[in-house]
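The chain contents come next:
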Amino acid sequence: MSSADDHPAEDAFPGGPTTYATRDMLRALAHPLRMQLLQRLGGRGTARAADLAADLGVPANSVSYHLRILAKGGAIVEAPEAARDKRDRVWKLAQLSFDTARTGQSLQDGTVVDTDYIAASSALSMAVLEWMRDGIAAELSREAETLDSEDTGAEESYRRTLHSTMLHVTPAQARELSEFVQDAILRWFRLNRAEDGTELAGDPDSEDDPVDYRVLFAMVRDIPPAPDGQGS
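Since the model is a prediction, treat every value here as computed from it, not as a measurement.

Here we look at the overall build of the protein
Part 1 of the reasoning: Tallying secondary structure elements over the protein gives six helices and two strands in all.
Part 2 of the reasoning: Counted from the first residue to the last, the protein has its helices and strands arranged as α-α-α-α-β-β-α-α.
Part 3 of the reasoning: Relative to its 232 residues, the protein shows a buried fraction of 29%.
Part 4 of the reasoning: For the protein, the share of sequence-separated contacts (at least 6 apart) that also reach a separation of at least 24 residues comes to 62%.
Part 5 of the reasoning: If you sum the accessible surface of the protein, you get close to 15,600 Å²; carbon and sulfur atoms cover 52% of it.

See below:
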């Protein structure tokens with residue numbers, strides 16, 4: 001998830017131009033599990049609740065519940081062309097990108113970003129942070145289990161990286177960095193995927209099978225508090 005004005009719309013997502021998420025989409029996405037469901041659905045192209053439940057190790061009834069919320073918010077739609085019959089509910093993404101608009105921008109339907117939209121965007125941002133935190137915690141737990149196991153000869157794979165720092169740059173330089181990182185992430189996102197964004201089984205340029213990595217790039221202004229006796 002990123003702001004659509006961080007990069008050109010035509011480059012935002014393979015398979016189609018970027019369009020802004022609506023307020024209802026943002027509200028529907030503001031849950032770590034629903035974010036995972038959306039990403040797995042995008043990787044599969046189409047999927048049933050049972051497919052996604054098996055992928056994520058989550059009960060099928062819980063997956064069905066969250067899929068209904070995503071559908072109500074307009075983030076996913078049914079894919080009758082992939083269904084076996086009329087009772088078979090198969091889902092697909094409603095759009096390939098779910099980028100957020102910023103203050104002063106207008107959505108596709110002509111509505112302007114307002115306080116409700118910003119609140120929905122903030123809720124989604126918090127869900128993204130929770131999603132990443134859960135991923136880091138799970139990886140650390142797996143590393144601890146590996147150390148305690150007797151299988152110490154197993155080949156270690158690249159698991160995680162985390163960098164944090166404070167930058168002292170101008171707003172223009174910050175934007176330049178953001179665009180650079182966004183473009184790099186987009187290039188790697190396209191690896192091992194078909195033109196429509198669905199995941200390919202193998203990497204033609206490597207003998208290794210691809211695995212999933214959670215990626216988050218975040219940058220926010222750090223405004224120190226005003227000195228005592230001065231206004232903000």
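A word on the packing of helix 2 (residues 32-44) against helix 3 (residues 49-56)
Part 1 of the reasoning: The contact between helix 2 and helix 3 brings their axes to 10 Å, and the two run at 110°. Relative to helix 3, the element helix 2 is oriented roughly perpendicular. In this structure, the crossing between helix 2 and helix 3 has a hand that is right-handed. In this structure, helix 2 uses Leu-33, Gln-36, Leu-37, Arg-40, Leu-41 and Arg-44 to contact helix 3, whose residues at the interface are Asp-51, Leu-52, Asp-55 and Leu-56.

Concerning the nonpolar core
Within soluble globular proteins, side chains that are nonpolar tend to cluster in buried spots.
Part 1 of the reasoning: Judged by nonpolar contacts, the single largest core of 34 residues is most densely connected at Leu-38, Val-63, Leu-67, Leu-70, Ile-76 and Phe-98.
Part 2 of the reasoning: Elements supplying a minimum of two residues to this core: helix 1 (23-29), helix 2, helix 3, helix 4 (60-72), strand 2 (91-93) and helix 5 (115-148).
Part 3 of the reasoning: Sorting elements by how many residues they give to this core places helix 5 first, with seven residues.

Digging into the packing of helix 2 against helix 5
Part 1 of the reasoning: Two elements in contact, helix 2 and helix 5, have axes whose closest approach is 8 Å; the angle formed by their N-to-C orientations is 80°. Viewed along their axes, helix 2 and helix 5 adopt a mutual orientation that is roughly perpendicular. Side by side, helix 2 and helix 5 meet where Pro-32, Met-35, Gln-36 and Gln-39 of the first sit next to Leu-124, Ala-127, Val-128, Glu-130 and Trp-131 of the second.
Part 2 of the reasoning: Counted by class, the contact of helix 2 with helix 5 contains six nonpolar, two polar and one charged residues.

Quick notes on the confidence of the model for the protein
Part 1 of the reasoning: When the pLDDT values of the protein are averaged, the result is 84; 84% of them are 70 or greater.
Part 2 of the reasoning: At the level of individual helices and strands, the protein shows its lowest average pLDDT in helix 5, which scores 90, and its highest in helix 4, which scores 96.
Part 3 of the reasoning: For residues 1-16, every residue scores under 50 in pLDDT, and the model assigns this stretch 48 contacts once sequence neighbours within four places are set aside.

Focus: the pattern of salt bridges
Part 1 of the reasoning: For the structure shown, the criterion picks out 16 salt bridges.
Part 2 of the reasoning: One salt bridge in this structure joins Glu-139 and Arg-159, with 3.8 Å as the shortest N-O distance. Residue Glu-139 is found in helix 5, and its partner Arg-159 is found in the loop between helix 5 and helix 6 (171-190); the two are separated by 20 residues along the sequence.
Part 3 of the reasoning: Given a relative accessible area of 24%, Arg-159 falls into the partly exposed group.
Part 4 of the reasoning: The partner of Glu-179 in a salt bridge is Arg-175, and the shortest N-O contact between them spans 3.2 Å. One end of the pair is Glu-179 and the other is Arg-175, both in helix 6 and four residues apart, which spans about a single turn.
Part 5 of the reasoning: Relative accessible area serves as the criterion here: at 40%, Arg-175 is assigned to the partly exposed category.
Part 6 of the reasoning: Connected via shared salt-bridge partners are Arg-40, Arg-44, Asp-55, Glu-199 and Asp-212.

A few points about the side chain of Gln-105
Part 1 of the reasoning: Structurally, Gln-105 can be placed in the loop between strand 2 and helix 5.
Part 2 of the reasoning: Reaching out from Gln-105, the side chain makes a polar contact with the backbone nitrogen of Arg-102 at a distance of 2.5 Å.

Brief notes about helix 6
Side chains of residues three or four places apart in an α-helix project in the same direction, reflecting 3.6 residues per turn.
Part 1 of the reasoning: Between its first and last C-alpha, helix 6 extends 29 Å over 20 residues, near the 28 Å set by a 1.5 Å rise per residue.
Part 2 of the reasoning: Those residues of helix 6 lying buried are Ala-174, Ser-178, Val-181, Gln-182 and Leu-186. One face of helix 6 carries all of its buried residues, which in axial projection span an arc of 140°. Along helix 6, the residues that are exposed and aim more than 90 degrees away from the buried face are Ala-172, Glu-176, Phe-180, Arg-187 and Trp-188.
Part 3 of the reasoning: Phi for Asn-192, located one or two positions after helix 6, is positive at around 60°.

Reading the values: the criteria
Along every chain, residues carry numbers that run from 1 in the direction the sequence is written. At least 70 in pLDDT is required for a residue's local features to be given in this predicted model, at least 80 for side-chain atom pairs to be given and counted, and no such filter applies to totals for whole chains, interfaces and linings, which use all residues. To get the side-chain values, all heavy atoms of the structure are used, and hydrogens and water are removed first. Numbering of helices and strands runs from the N terminus, with a helix taken as a DSSP run of H or I at least four residues long and a strand as a DSSP run of E at least two residues long. Burial classes: relative accessible area under 20% of the type maximum marks a residue as buried, over 50% as exposed, and values in between as partly exposed (1.4 Å probe, protein chains only). By the convention used here, residues are in contact when the closest approach between their heavy atoms is within 4.5 Å. Calculation of accessible area relied on Shrake-Rupley with a 1.4 Å probe; when residues are assessed, cover is drawn exclusively from the protein chains displayed. Between N-to-C directions, angles cover 0 to 180 degrees, with each direction set by a line fitted to C-alpha atoms, over the stretch in contact for helices. The cut-offs work like this: below 35 degrees is roughly parallel, past 145 is roughly antiparallel, 65 to 115 is roughly perpendicular, and the gaps in between are oblique. For a crossing to be left-handed, the near helix must be turned anticlockwise from the far one by less than a right angle; the clockwise case is right-handed. Residues belong to one nonpolar core when they are buried, are Ala, Val, Leu, Ile, Met, Phe, Trp, Tyr or Cys, and are joined through side-chain atoms within 4.5 Å. Nonpolar residues are Ala, Val, Leu, Ile, Met, Phe, Trp, Tyr, Cys and Pro. Charged residues are Asp, Glu, Lys and Arg, and all others, Gly as well, are polar. For every residue, the pLDDT score states the predictor's confidence, bounded by 0 at the bottom and 100 at the top. For this analysis, a salt bridge means a side-chain nitrogen from Lys or Arg found within 4 Å of a carboxyl oxygen belonging to Asp or Glu. Counting of polar contacts relies on pairs of N or O atoms within 3.5 Å, with two restrictions inside protein: one atom must be capable of donating a hydrogen and the other of accepting it, and residues adjacent in sequence are counted only when both atoms are side-chain atoms. Expected helix span is computed as 1.5 Å times (number of residues minus one). Working definition: the arc comes from the directions between the helix axis and the C-beta atoms, pointing outward to the latter.

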